[in-house]
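# Summary of structural features
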Amino acid sequence: MRKPFLSVIILLASILSKSTVQAQNPQWNAAEIKLNLEKLNVLGSVLYFAAHPDDENTRLIAWLAQEKKYRTGYLSLTRGDGGQNLIGTEQGVELGLIRTQELLAARKIDKGEQFFSSAYDFGFSKTPEETFDFWDKQRVLAEAVWLIRKFRPDVIITRFPPDARGGHGHHQASAMLAHEAFKAAADPKQFPEQLTYVKPWQAKRLLWNTFNFGGQDNTREEQLKVDIGNYNALIGASYGEIAAHSRSSHKSQGFGSAAQRGSSIEYFEYVDGSPATDSPLDGIDTSWKRIPNSGTVQSLIEKVNQNYKVDKPESALTDLLQLYKALDQIKDDYWRDQKKKEVEKLILACSGIWFESVVKNPDYAMGDQINVDNTIIARRPGVTVQLVKLNDKEIHKNLVNNLLLKDSISVNASISTQPYWLNEPHAKGKFNVSDFNLTGYPENPSNPKVRFELMINGTAITFDQQIQYKYTDPVRGEIYNPVVILPQLTAKSSSPLALTQNAKSVKVNLAFQKNGQARSQSFRINAVGAKGWEITPASFELQFTSGVNSLSKEITISPLNPAISSIDTLLFQVDQKDRLKETKTIGYNHIPEIVYFPDVAIKMSNINLINAVKKVAYVHGAGDLIPESLSAIGIKVDLLTSEQLLKSDLSGYDAIILGVRIFNVNKDIAQIQNRLLEYVDNGGTVVEQYNVSNGLVSKTLGPYAFNLGRNRVTDELATVHFDEKDPVFNYPNKITKADFANWVQERGLYFAENIDIRYRTPISMQDPGESLHKGSLLIADYGKGKFVYTSLSFFRQLPAGIPGAYRLFVNLLSKSK
């Protein structure tokens with residue numbers, strides 16, 4: 001059983017759900033109830049469209065959703081998997097999982113809804129053409145069309161233009177896709193297979209939300225302008241304040257934002273559809289007049305708003321229940337279903353109804369029977385509530401005002417809680433999601449839940465409540481996390497890297513865990529995907545005796561061709577059908593605990609390596625896995641805090657390494673740098689990894705001057721030109737062109753500029769169509785020692801087991817011959 005990690009519960013709203021309410025029941029105060037009552041009268045919708053988490057304009061989303069009360073969604077084509085992480089070591093899909101939850105936290109604040117496509121953020125791209133090559137443009141376009149047809153936005157707004165002004169290739173591609181999807185969604189000949197479930201939809205217009213940031217000002221006075229700096233008295237904040245709170249949810253990107261107050265103008269450029277002159281939804285009737293035969297509904301909404309009493313919200317119930325029934329007569333199924341969901345939440349809030357479904361353990365295994373404890377209470381006088389059913393269990397008990405009613409049911413754990421987009425291995429630029437109906441969902445819509453069938457003042461309403469694990473932390477109080485459904489068998493390797501230096505065999509221990517109430521006591525394990533390697537044993541039986549849930553097995557990994565530096569990935573199969581999975585947990589206080597099940601994968605790399613480096617010190621920056629990677633080749637790594645480095649005797653270290661972006665995150669970096677230069681002067685070696693130019697704590701980055709720019713080489717296989725005579729390429733390992741093979745995601749980023757001539761710059765490289773960049777590796781002799789600044793992405797290459805990257809990094813650490 002996993003230990004519960006301290007995390008706060010974020011109450012997540014489900015998207016595009018069926019008629020039952022899928023989310024935790026709302027706990028709205030009287031002002032929030034009033035806002036949502038007013039929203040019943042608004043039938044407008046807007047879809048904001050961009051590429052990444054943090055691309056969205058949170059102030060505009062908050063204004064659209066809470067001031068104008070439109071249904072407002074944000075389609076982020078990717079989950080931000082390829083970005084940098086300012087709070088930890090997670091990269092790739094793990095960073096995408098974090099940023100997914102950060103987006104959901106942001107939407108909880110600004111009240112937008114969140115959607116995704118299957119596009120994978122493969123890192124910085126300089127052109128939309130490259131982006132489309134990796135994303136599978138037609139698939140992502142189909143998904144965008146599907147979401148437009150399902151969400152039915154009146155207006156679509158892009159964050160970026162479809163040209164070089166958009167900067168990042170993903171940004172430009174998002175604008176191109178938005179325009180194509182705007183037109184294709186209305187065309188029944190485009191993606192006709194979708195029309196079984198959705199209808200063609202023509203948005204009224206497509207706008208570009210122009211901007212003035214990043215050194216670009218794309219706003220013009222003749223563009224459509226809207227002041228969204230309003231103060232909302234019911235909320236008690238302006239939209240600039242709400243936006244700052246929302247944007248500050250993007251903590252892994254370091255996007256904590258200051259609140260803005262007062263007038264704030266947003267600019268919009270016309271792209272397609274009907275032009276607008278006064279507001280984004282010009283010419284669109286956002287009242288019930290757009291729906292035929294809605295007079296009764298309009299009257300009831302007006303009545304409930306007029307008669308609402310902030311101190312007696314239950315007084316609105318009679319009208320809300322009438323409205324709930326009247327909505328069934330509306331023929332427009334989209335707005336009928338949307339407004340019924342809104343009314344359902346209002347009925348709960350006005351009744352003071354709260355319920356939960358909790359379990360005693362944080363996780364269970366596939367096939368387990370889970371005992372779920374359900375609790376419900378109604379806390380307003382004069383409200384009659386009967387709990388009719390919990391799933392299929394007949395209850396038929398009346399609630400007594402302000403008294404808890406409890407009942408338990410058994411639920412079968414039939415579906416894994418693995419995030420649906422990770423069920424299959426992803427390609428370089430896309431997740432492989434076989435079920436198209438899952439398109440758009442930020443999380444699994446099928447996660448375990450309990451259906452509450454209630455009779456509220458004589459009206460039957462059904463709600464779905466997600467099953468959660470609850471515990472009380474002595475410092476942080478009551479904590480909720482989603483229940484986790486594990487595979488019946490999981491395992492963890494003693495190391496994700498098997499580095500066979502100079503053809504020496506490596507032993508790796510596999511720790512197996514039989515989870516839950518699994519009846520099977522034996523499992524056949526087979527090693528797969530190991531061409532060119534000898535795995536001993538390659539197949540074995542696991543036999544769990546009664547009462548034993550943990551076993552371990554040691555395997556030996558050897559390269560079949562010792563002379564070749566090679567890299568491969570070892571996977572395992574269970575009973576010749578399922579891939580063996582690991583249970584991984586990501587925990588940060590600002591998001592719910594994340595649990596997912598990656599393949600047990602061992603990166604096998606045969607490295608022909610000469611290494612005399614025995615002991616190094618490492619000072620973390622924003623977070624990376626370099627220390628673990630160096631330990632895998634036998635280097636002892638001492639992790640030092642700033643205080644320890646400033647006070648320790650450093651003479652016993654062969655080299656000292658600074659983690660990525662340390663100059664952006666460490667407030668003591670100026671003192672640290674002074675101490676390190678003293679260490680170098682006395683004969684030491686310092687290797688400083690990349691930083692970004694924005695937000696530097698100190699601009700003294702080395703013994704001699706240089707600046708940081710924004711140049712990078714995104715083609716991980718770009719030709720590397722290097723001075724073969726430079727000592728760094730000759731000792732202790734002879735570096736050749738082959739050492740730059742198999743690199744992942746990028747060569748390097750945020751290269752140095754305006755470099756003092758006392759630095760050697762022995763490497764140059766370029767992306768297609770660009771001039772050579774020399775700022776990826778700077779080496780200077782200083783006193784008796786050596787100082788190195790490198791923007792090469794070693795933080796990605798070493799954890800990936802890239803042989804040449806290890807050989808070059810060891811050379812950087814080594815004292816010259």
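## What to know about the overall build of the protein
- Check the secondary structure of the protein and you find 16 helices and 43 strands.
- Over its C-alpha atoms the protein spans a radius of gyration of 29 Å, differing by no more than 12% from the 28 Å that the globule rule assigns to 817 residues.
- Dimensions of the protein, computed from the C-alpha atoms along their principal axes, are close to 90 × 75 × 55 Å.
- Counting across all 817 residues of the protein, residues that qualify as buried make up 58%.
- Of the contacts made within the protein by residues no fewer than 6 positions apart, 75% connect residues no fewer than 24 positions apart.
- When the accessible surface of the protein is totalled, it reaches about 32800 Å², and 49% of it is carbon and sulfur.
- Between the centroid of the 93 positive side chains of the protein and the centroid of its 89 negative side chains there is a distance of 2 Å.

## Description of the sheet that holds strand β35 (residues 636-639)
- Spatially, the six strands line up as an open sheet ordered β35-β34-β36-β37-β43-β42, and their pairing is mixed. Each edge of the open sheet is held by one strand with a lone partner, namely β35 and β42 (777-782). Put simply, the sheet's adjacent strands are angled 20 degrees from each other on average, direction ignored.
- Two strands pair when backbone bridges link them, and strand β37 (residues 685-688) and strand β43 (residues 785-790) are joined in this way by four bridges, in the parallel orientation. Across the sheet, residue V687 finds its bridge partner in β43, namely V788.
- Along the sheet, helix α16 (residues 803-813) contacts β34 (615-619), β36 (655-658), β37, β42 and β43; its crossing angle with β37, the most-contacted strand, is approximately 135 degrees.

## Quick word on the sheet that holds strand β3 (residues 113-116)
- Taking strand neighbours across the sheet as the criterion, the seven strands line up as β3-β2-β1-β4-β5-β11-β8 in an open arrangement whose pairing is mixed. Edge strands, defined here as strands with exactly one partner in the open sheet, are β3 and β8 (224-227). Strand after strand, the sheet turns through a mean of 30 degrees between neighbouring axes, direction not considered.
- Running over the sheet, helix α3 (residues 93-110) touches β2 (71-76) and β3 and is turned about 155 degrees from β3.

## What to know about the packing of aromatic side chains
- Under the defined criterion, the tally for this structure stands at 28 aromatic pairs.
- Between Y420 and W421, the ring centres sit 5.1 Å apart and the planes meet at 85 degrees, which makes this aromatic pair edge-to-face.
- The exposure class assigned to W421 is buried, which follows from its relative accessible area of 5%.
- A cation over a ring is seen here: R79 above F116, with NZ or CZ 4.1 Å from the ring centre.
- Its guanidinium or amino end placed over the ring of W743, R747 lies 5.3 Å from that ring's centre, counting from NZ or CZ.

## A closer look at the pairing of strand β26 (residues 533-536)
- Burial of the side chains of β26 is restricted to one face: W533 and I535 are buried, whereas none of E534 and T536 on the reverse face is.
- Strand direction decides the pairing type here: β26 and strand β28 (residues 550-559), joined by four bridges, are antiparallel. When the sheet's bridge partners are listed, I535 is paired in β28 with I557.

## Side note on the environment of E394
- Structurally, E394 is set in strand β16 (residues 393-398).
- The partly exposed category is assigned to E394, whose relative accessible area is 45%.
- Taking the C-alpha atoms as reference, E394 lies 45 Å from P188; in sequence the two are 206 residues apart.
- Other than its neighbours up to four places away in sequence, E394 contacts V388 and K389.
- In terms of polar contacts, E394 uses its side chain to reach the side chain of H396, at 2.6 Å.

## A look at the pairing of strand β12 (residues 353-359)
- Extensive coverage of β12 is indicated by the burial of seven of its seven residues.
- Burial along β12 is two-sided: the face carrying I353, F355, S357 and V359 and the face carrying W354, E356 and V358 are both buried.

## Here's the deal with the confidence of the model for the protein
- On average, residues of the protein carry a pLDDT of 94, and 97% of them reach 70 or more.
- Across residues 3-23 the pLDDT falls below 50, and counting only partners more than four positions away or on other chains, this stretch makes 78 contacts in the model.

## Focus on the pattern of salt bridges
- Applying the stated criterion to the full structure yields 46 salt bridges.
- E643 is the partner of K647 in a salt bridge, and the nearest nitrogen-oxygen pair spans 3.0 Å. Linking K647 with E643, this pair stays in helix α12 (residues 642-647), spanning four residues, or about one helical turn. There is no split in this pair, since K647 and E643 are both exposed.

## Description of the packing of helix α5 (residues 137-151) against helix α6 (residues 169-184)
- Where α5 contacts α6, the axes come no closer than 9 Å and their chain directions differ by 55 degrees. Of the possible angle classes, the one that applies to α5 and α6 is oblique. Regarding α5 and α6, the two cross each other, and that crossing is right-handed. Contacts between α5 and α6 involve K137, V140, L141, A144, V145, I148 and R149 from the former and L177, E180, A181, F182 and A184 from the latter.
- Here the contact of α5 with α6 is composed, by residue class, of nine nonpolar, no polar and three charged.

## Remarks on the nonpolar core
- Among the nonpolar cores identified, the biggest contains 58 residues, and L320, I347, I376 and L387 are the most heavily contacted of them.
- The residues contacting I376, other than those within four sequence positions of it, are I353, W354, F355, L387, L399, L403, L404, L405, F452 and L454.
- Formed by 47 residues, the second largest nonpolar core is a distinct cluster that contains L47, F132, Y420 and Y588.

## Details of the packing of helix α8 (residues 295-307) against helix α9 (residues 317-326)
- In contact at an axis separation of 9 Å, α8 and α9 are set at 160 degrees when each is read in the N-to-C sense. Classified by the angle their axes make, α8 and α9 are roughly antiparallel. For the pair α8 and α9, the crossing hand works out as left-handed. Contacts from T296, V297, L300, I301, K303, V304 and N307 of α8 reach α9 at D319, L320, Q322, L323 and A326.
- Residues belonging to the contact of α8 with α9 are distributed by class as follows: seven nonpolar, three polar and two charged.

## Quick word on unusual backbone geometry
- Going from T536 to P537, the amide bond is cis rather than trans, its omega being -10 degrees.
- Relative to the assigned elements, P537 resides in the loop between β26 and β27 (539-543).
- Following Y731, the chain continues to P732 via a peptide bond in cis, the omega torsion being -5 degrees.
- Although it is not a glycine, D54 adopts a positive phi angle of roughly 85 degrees.
- Relative to the elements of secondary structure, D54 occurs in the loop between β1 (45-50) and α2 (58-67).
- A residue is classified by how much of its surface remains accessible, and D54, at 12% relative accessible area, is buried.
- A positive phi angle, near 55 degrees, is found at R152, a position not held by glycine.
- For R152, the position within the fold is in the loop between α5 and β4 (155-158).
- Under the relative-accessibility criterion, R152 is labelled buried at 16%.

## Concerning α9
- The element α9 is extensively covered by neighbouring structure, given that seven of its ten residues are classed as buried.
- Looking at α9, one finds that the buried residues are L317, D319, L320, L321, L323, Y324 and A326.

## Observations regarding α6
- In this model, α6 (16 residues) spans 22 Å end to end at C-alpha, consistent with the 22 Å of a helix rising 1.5 Å per residue.
- Among the residues of α6, those classed as buried are G169, H170, H171, Q172, A173, S174, A175, L177, A178, A181, F182 and A184.
- For α6, the elements touching its buried residues are β1, α4 (128-135), α5, β4, β5 (205-210) and β11 (265-273).

## Digging into the environment of L224
- Residue position: L224 is located in strand β8.
- Sequence separation between L224 and P280 is 56 residues, and the spatial gap between their C-alpha atoms is 8.0 Å.
- Not counting residues within four places of it along the chain, the set of residues in contact with L224 comprises L207, E266, Y267, F268, A276, T277, D278, S279 and P280.

What counts, and where the lines are drawn
- Residues numbered from 1 in each chain as written.
- Predicted model: local features only at pLDDT ≥ 70, side-chain atom pairs only at ≥ 80, totals over all residues.
- Heavy atoms only, no water.
- Helix = DSSP H or I, 4+ residues; strand = E, 2+ residues; numbered from the N terminus.
- Rg over C-alpha atoms; globule rule 2.2 N^0.38 Å.
- Buried < 20%, exposed > 50% of the residue type's maximum accessible area, 1.4 Å probe, protein only.
- Contact = heavy atoms within 4.5 Å.
- Areas by Shrake-Rupley, 256 points an atom, 1.4 Å probe, with all protein chains shown as cover.
- Lys, Arg positive; Asp, Glu negative; His and termini not counted.
- Charge placed at Lys NZ, Arg CZ, Asp CG, Glu CD.
- Pairing = 2+ DSSP bridges.
- Axes fitted to C-alpha atoms, helices over the stretch in contact; angles between N-to-C directions.
- Phe/Tyr/Trp six-rings, centres within 6.5 Å; stacked < 30°, edge-to-face > 60°.
- Lys NZ or Arg CZ within 6 Å of the ring centre and 35° of its normal.
- Polar contact = N/O pair within 3.5 Å; in protein donor to acceptor, adjacent residues only side chain to side chain.
- pLDDT = per-residue confidence, 0-100.
- Salt bridge = Lys/Arg side-chain N within 4 Å of Asp/Glu carboxyl O.
- Parallel < 35°, antiparallel > 145°, perpendicular 65-115°, else oblique.
- Left-handed = near helix turned anticlockwise from the far one by under 90°.
- Nonpolar A, V, L, I, M, F, W, Y, C, P; charged D, E, K, R; others polar.
- Core = buried A, V, L, I, M, F, W, Y, C linked by side-chain atoms within 4.5 Å.
- Expected span 1.5 Å × (residues − 1).

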